[in-house]
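Chains, contacts and geometry: an overview
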Amino acid sequence: VLLRASERDPKMLNQALEILERVYDWRSPNRHEPYELFYFGLARQKQGLRHLGNAIRLEDRASRAPDDKRHKDFESQAVEQRQMANGRLREADELLAHLVDRGELLRMTYNHRLQIARQLGDDELFHESAEAYLGQMTQEVQFVENELKRTVIPDYEADKYKELLDLKAEELDVRALYADWHFHRKNFQAALDQMNIVLQLDPTRSDNYYNRGRVRIELNDTENAKDDFRYFLATSQLPASSAKKTFATKVLTQ
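This write-up is about the structure you can find in this document.

So, how was this worked out
- Every chain is numbered independently, its residues counted from 1 as its sequence is written.
- The model is predicted, so local features are restricted to residues of pLDDT at least 70 and side-chain atom pairs to those at 80 or more, both for listing and for counting; the totals for chains, interfaces and linings are taken over all residues.
- With hydrogens and water stripped out, all remaining heavy atoms of the structure feed into the side-chain values.
- Only the six-membered ring of Trp is used, alongside the rings of Phe and Tyr, when aromatic pairs are assigned; centres must lie within 6.5 Å, and planes under 30 degrees apart are stacked while those over 60 apart are edge-to-face, with the rest tilted.
- Going along the chain from the N terminus, every DSSP run of H or I of four or more residues is numbered as a helix, and every run of E of two or more is numbered as a strand.
- Here the term buried applies to any residue with accessible area under 20% of the maximum for its type, exposed to any over 50%, and partly exposed to those in between, with areas from a 1.4 Å probe on protein chains only.
- Each ring is checked for a lysine NZ or an arginine CZ that lies within 6 Å of its centre and within 35 degrees of its normal; such an atom marks a charge sitting over the ring.

Topic: the packing of aromatic side chains
Inspection of the entire model under this criterion finds twelve aromatic pairs. Ring centres of tyrosine 210 and phenylalanine 247 lie 6.3 Å apart, and the angle between their planes is 80°; on these two criteria the pair is classed as edge-to-face. Residue tyrosine 210 is located in helix α9 (residues 206-218), and its partner phenylalanine 247 is located in helix α11 (residues 243-253); the two are separated by 37 residues in the primary sequence. Here tyrosine 210 falls in the buried class, since its relative accessible area comes to 6%. An aromatic cluster is present here, built from Tyr210, Phe229, Phe232 and Phe247 joined pairwise through their rings. Here the guanidinium or amino end of arginine 214 rests over the ring plane of phenylalanine 247, the centre of that ring lying 4.5 Å away.

Examining the environment of alanine 191
Its location among the elements puts alanine 191 in helix α8 (residues 188-201). In this structure alanine 191 comes out as buried when scored by relative accessible area, which is 0%. With twelve residues separating them in the primary sequence, alanine 191 and alanine 179 have C-alpha atoms 4.2 Å apart.

Some points on unusual backbone geometry
Non-glycine residue leucine 105 carries a positive phi angle of around 50°. A positive phi angle is found at lysine 186, which is not glycine, with a value near 60°. Structurally, lysine 186 is set in the loop between α7 (154-184) and α8. Relative accessible area serves as the criterion here: at 65%, lysine 186 is assigned to the exposed category.

Rendered as structure tokens:
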């Protein structure tokens with residue numbers, strides 16, 4: 001409850017961690033209930049992200065500091081916050097790794113591990129976790145779809161349909177993140193494969209047409225890229241002065 005409430009009140013994260021740390025110390029990791037490990041890992045991840053946010057704010061203040069002394073002070077504090085962030089994120093990943101070893105809560109665990117890996121810049125862990133997540137997601141979606149076909153109970157059918165929608169929304173976010181990761185590593189075909197699936201699952205995601213257009217430009221598929229940019233410009237709610245709209249317009253007028 002405290003962990004969920006920490007979205008509104010950051011102080012509650014410290015209270016949640018105090019309880020989770022005390023419970024965790026009672027026994028070895030393999031003897032904990034899976035949700036105890038998962039929530040402790042989630043709390044550590046949130047703690048790491050809080051330190052990371054502090055680091056980014058301090059780096060911004062350092063860039064705007066009026067003198068060299070304040071610049072160095074802010075910069076030093078930012079380095080300290082990044083070190084603390086990385087430490088907490090690694091602790092979170094170690095907790096979640098126990099769940100992978102035990103084969104429990106795998107979809108959620110892989111999802112959080114890939115997010116942590118992205119923040120840590122661990123490409124190997126990110127790629128491994130993303131692939132494992134997608135494999136687990138396929139199994140869970142298939143199970144829910146089979147349940148929808150099997151059931152004749154309206155309430156159960158409604159619950160499973162909502163679950164299926166939630167799973168697909170989660171999958172969209174992960175695939176979009178995976179595509180972005182591939183794009184920045186110049187794995188353009190792999191990025192395109194992910195974007196195609198994203199837009200097949202949800203053809204209304206305007207920004208993803210822009211992203212696919214960028215990928216297609218890199219693959220020298222200019223005509224299809226222009227089609228994506230046209231759809232993006234026709235549906236985007238971004239201001240006309242945005243960098244994305246400027247780029248898309250430039251491609252279309254060349």
